[in-house]
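Each chain, written out:
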Amino acid sequence: MDAVAASCAPGVAPAPLRDAIVRDLGRQPYEPVWRAMQAFTDARNEHTPDEVWLVEHEPVFTLGQAGKPEHVLMPGEIPVIHVDRGGQVTYHGPGQIVAYPLLDLKRLKIGVRDYVCRIEQAIIDTLAEWNIEGARREGAPGVYVGGAKVAALGIRVRRGCSFHGLAFNIAGESTAPFLRINPCGYQGLDVVALQDLGGPSSLEAVKPVLLAHLAKQFGLSPRRDAALPDALAAA
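As the structure is a prediction and not an experimental result, all values here were calculated from the model. (Residues numbered from 1 in each chain as written. Predicted model: local features only at pLDDT ≥ 70, side-chain atom pairs only at ≥ 80, totals over all residues. Heavy atoms only, no water.)

A few words on helix α4 (residues 203–218). Taking 1.5 Å of rise per residue, 16 residues should cover 22 Å, and α4 covers 22 Å from first to last C-alpha, within 8% of that figure. Among the residues of α4, those classed as buried are Leu203, Val206, Lys207, Val209, Leu210, Leu211, His213, Leu214, Ala215, Gln217 and Phe218. Of the residues trailing α4, Gly219 is marked for its positive phi of about 65 degrees. (Helix = DSSP H or I, 4+ residues; strand = E, 2+ residues; numbered from the N terminus. Expected span 1.5 Å × (residues − 1). Buried < 20%, exposed > 50% of the residue type's maximum accessible area, 1.4 Å probe, protein only.)

What follows is the structure, given as structure tokens:
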């Protein structure tokens, strides 16, 4: 997660609506998707449609650009990858929705702080669909319920375009590996899943709700495309 202040003023969705391609990548190892995000961002221009990728990763710990290895306590059989997002260490794995908004923030006229706030709001609004109250925490981007973290953010902006994104714990199985790290660099930080809070355990039940709220926050008109990204299909 990036060190962006959590104080957020209510945002108004950008207008007019812009088309965005949504790709559900299914279950994928982390590194090929990361490299495909980089390739997409490097190749895009001012006319490239925005995309949102949804994925469930194979188990992996990722360390951000400023990540300190001492926050990885007992990785065991789970690989550790140093990546180019902001923040410290987090976990991705089964039972978790990872969403990568690949957006031209210049075109949307959104700054980095506003971008983070809008992602958090989309998650908060998604939780509210199941009568769960999510909250921000000052100086620690992400979304929390009763002090426990249910969703983490880790972003990168290059040439005004975003990649990386959010990780939302859905099924209870998604939280145990966080005991092997200091999540986001915080020792003893509690981590919780939507299922533990009385919500669904199915990723398929949550994906369309989360996508709808992301689209609302960024003024997007989603259009699903079953094809894999070119860089991932070629991997």
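Structure shown, so let's carry the discussion forward.
All told, the structure shown has 0 disulfides when counted by the stated rule. Here Cys161 stays free of any disulfide, with the sulfur of Cys117 as its closest cysteine sulfur at 20 Å. On the basis of relative accessibility, which here comes to 3%, the residue Cys161 falls in the buried class. (Disulfide = S-S within 2.5 Å.)

Attention now moves to the nonpolar core. Tyr115, Ile123, Leu127, Val150, Leu166, Phe168 and Phe218 are the most contacted members of the largest nonpolar core, which totals 38 residues. In this structure, Val55, Ile81, Val83 and Val98 belong to the second largest nonpolar core, which totals 18 residues. (Core = buried A, V, L, I, M, F, W, Y, C linked by side-chain atoms within 4.5 Å.)

Taken as a whole, this structure holds 5 aromatic pairs when the rule is applied. Arranged with centres 6.2 Å apart and planes meeting at 35 degrees, the rings of Tyr30 and Trp34 form a pair that is tilted. Highlighted residues: Tyr30 and Trp34, both in helix α1 (residues 30–43), separated by 4 residues, approximately one helical turn. Judged by relative accessible area, which is 4%, Tyr30 ranks as buried. What makes Trp34 buried here is its relative accessible area of 5%. Consider the rings of Tyr91 and Phe178, whose centres lie 5.6 Å apart with planes at 80 degrees: the pair is edge-to-face. With Tyr91 in strand β5 (residues 89–92) and Phe178 in the loop between β9 (161–169) and α4, the pair connects residues that are 87 residues apart, well separated along the chain. (Phe/Tyr/Trp six-rings, centres within 6.5 Å; stacked < 30°, edge-to-face > 60°.)

With that settled, consider the sheet that holds strand β8 (residues 148–158). With mixed pairing, the 7 strands of this open sheet are ordered in space as β7-β8-β9-β6-β2-β1-β10. Two strands lie at the open edges of the sheet, namely β7 (143–145) and β10 (220–224), each paired on one side alone. In this sheet, neighbouring strand axes are inclined to one another by 20 degrees on average, regardless of whether the strands run parallel or antiparallel. Where strand β6 (residues 96–102) lies against β9, 4 bridges are found, and the strand directions are antiparallel. Across the sheet, Val98 pairs through a bridge with Ala167, a residue of β9. (Pairing = 2+ DSSP bridges. Axes fitted to C-alpha atoms, helices over the stretch in contact; angles between N-to-C directions.)

Looking at the protein, pLDDT values average 92 and 94% of them are 70 or higher. A low-confidence stretch, residues 1–6 (pLDDT under 50), is modelled with 27 contacts involving residues beyond four sequence positions or located in other chains. (pLDDT = per-residue confidence, 0-100. Contact = heavy atoms within 4.5 Å.)

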